[in-house]
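Architecture and fold: a report
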Amino acid sequence: MRRVIMMIMVMMMALTVANAQSMLDKAREKEFKTKMKQLKKEKWQLFGSSRTLEVLLLKHYEKLEATESGAYEVVGVCSRYKLDHLGHSAAVANAYNQYAQNASNHVKGRLLSEMKNNGADTSKDVDAFAAIYEAEVEKEIRNDLQESFAIYRELGKGEKTMQVFFVVNADAATASRLRAMENAIRESEAALHLSGLAKEIAKESF
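The paragraphs below set out a description of the structure included in this document. Note that the structure is a prediction, hence the values are computed from the model and not measured.

Judged by pairing direction, the sheet is antiparallel, and its 4 strands sit side by side in the order S1-S3-S4-S2 without closing on themselves. One side of each edge strand has no neighbouring strand; the edge strands of this open sheet are strand S1 (45–47) and strand S2 (71–81). Each adjacent strand pair in this sheet contributes to an overall mean axis angle of 30°, direction not counted. Packed onto the sheet, helix H2 (residues 53–66) meets S1, S2, strand S3 (145–156) and strand S4 (159–169) and runs at close to 140° relative to S3. Packed onto the sheet, helix H5 (residues 170–187) meets S2 and S4 and runs at close to 95° relative to S4.

Next up, the structure:
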């Protein structure tokens, strides 16, 4: 009897896992169809690839789910350009810049909050340090942003707009932010009394 109960429990667990996977697959399919519908409605076209947008978008989603440590999406934008290579370069640079700004703003906000709680007025030091850290992140993060695909849309009069989609491995990005933090600490006199806390903040997601 005990063996029968155990077999029933195993079957129930297997069904639960299968149902959960089925729901996840349906959610992924819905997400993909919704995104493709949006891109087609807005008349986006694939840039610089012989593959189809459908295939590259699917591969992009697979990359986001492939790493055990986690991955996330970063999108670089060039709002207006005429020459394709310049538009792509500008969108890539925008992705680096936006990532670095977000990382810097996170560190700056946390540092200011901690300093305020301790009754210290070090806003100028934090501003100076955050600016150095931002520049270091932008240099360090470049190898961690893996481009999936780029799309563009005609604006008229020979002008276009472009988006470049990247996948970032969470562990690799954290390591890069920590390297950037070490570099910023070496370069900044203001970091002498911020270094310990700043290193811990650099590990956080944002």
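The next point concerns H5. The periodicity of an α-helix, 3.6 residues per turn, causes residues three or four positions apart to be oriented the same way. Along its 18 residues, H5 runs 26 Å from first to last C-alpha, staying within 8% of the 26 Å computed at 1.5 Å per residue. Taken residue by residue, H5 has Ala170, Ala173, Thr174, Ser176, Arg177, Ala180, Met181, Asn183, Ala184 and Ile185 as its buried positions. Structurally, the start of H5 carries an N-cap: the backbone nitrogen of Asp171 is 3.0 Å from a side-chain oxygen of Asn169.

Moving on, we come to the side chain of Thr161. Checked against the element boundaries, Thr161 lands in strand S4. With relative accessibility at 8%, the residue Thr161 sits in the buried group. Polar contacts involving the side chain of Thr161 include one to the main-chain carbonyl oxygen of Ser79, which spans 3.3 Å.

So, about the pairing of S4. In terms of burial, S4 is largely enclosed, as 9 of its 11 residues are buried. Pairing of S2 with S4 involves 9 bridges; the strand directions are antiparallel. Across the sheet, the residue bridging to Ala71 is Asn169, located in S4. Sheet topology note: the S3/S4 ladder contains 10 bridges and is antiparallel. Across the sheet, residue Gln146 finds its bridge partner in S4, namely Val167. In this structure, the hairpin formed by S3 and S4 is closed by a connection of 2 residues, where Lys157 is found at a positive phi of approximately 60°.

The subject of this paragraph is the packing of aromatic side chains. This structure, assessed with the given rule, holds 4 aromatic pairs. Relative to Phe165, the ring of Phe149 has its centre 4.6 Å away and its plane inclined at 15°; by these criteria the two rings are stacked. A residue pair is termed long-range when its members are at least 10 positions apart, and Phe149 in strand S3 and Phe165 in strand S4 qualify at 16 residues. On the accessibility criterion, Phe149 (3% relative accessible area) is buried. Accessibility expressed as a relative area gives 2% for Phe165, which makes it buried. Cation over ring: Lys160 sits above Tyr152, and NZ or CZ is 5.0 Å from the ring centre.

Moving on, we come to H2. When the terminal C-alpha atoms of H2 are compared, their 20 Å separation across 14 residues agrees well with the 20 Å that a helix rising 1.5 Å per residue should span. What H2 keeps buried is the set Leu53, Leu56, Leu57, His60 and Tyr61. All buried residues of H2 project into a common sector of 140° when viewed along the axis, lining one side. Facing away from the buried side of H2, by more than 90 degrees, are the exposed residues Glu62 and Ala66.

Our next topic: the pattern of salt bridges. Under the defined criterion, the tally for this structure stands at 7 salt bridges. One salt bridge in this structure joins Glu136 and Lys139, with 3.2 Å as the shortest N-O distance. Here Lys139 and Glu136 lie together in helix H4 (residues 123–140), a separation of 3 residues that amounts to about one turn. A relative accessible area of 5% means that Glu136 is categorised as buried. Glu140 is the partner of Arg179 in a salt bridge, and the nearest nitrogen-oxygen pair spans 2.9 Å. Separated by 39 residues along the polypeptide, Arg179 in helix H5 and Glu140 in helix H4 bring together distant segments of the chain. Taking the relative accessible area as the measure of exposure, Glu140 reaches 21% and is therefore partly exposed.

Parameters at a glance
- Residues numbered from 1 in each chain as written.
- Predicted model: local features only at pLDDT ≥ 70, side-chain atom pairs only at ≥ 80, totals over all residues.
- Heavy atoms only, no water.
- Pairing = 2+ DSSP bridges.
- Helix = DSSP H or I, 4+ residues; strand = E, 2+ residues; numbered from the N terminus.
- Axes fitted to C-alpha atoms, helices over the stretch in contact; angles between N-to-C directions.
- Contact = heavy atoms within 4.5 Å.
- Expected span 1.5 Å × (residues − 1).
- Buried < 20%, exposed > 50% of the residue type's maximum accessible area, 1.4 Å probe, protein only.
- Polar contact = N/O pair within 3.5 Å; in protein donor to acceptor, adjacent residues only side chain to side chain.
- Phe/Tyr/Trp six-rings, centres within 6.5 Å; stacked < 30°, edge-to-face > 60°.
- Lys NZ or Arg CZ within 6 Å of the ring centre and 35° of its normal.
- Arc of directions from axis to C-beta.
- Salt bridge = Lys/Arg side-chain N within 4 Å of Asp/Glu carboxyl O.

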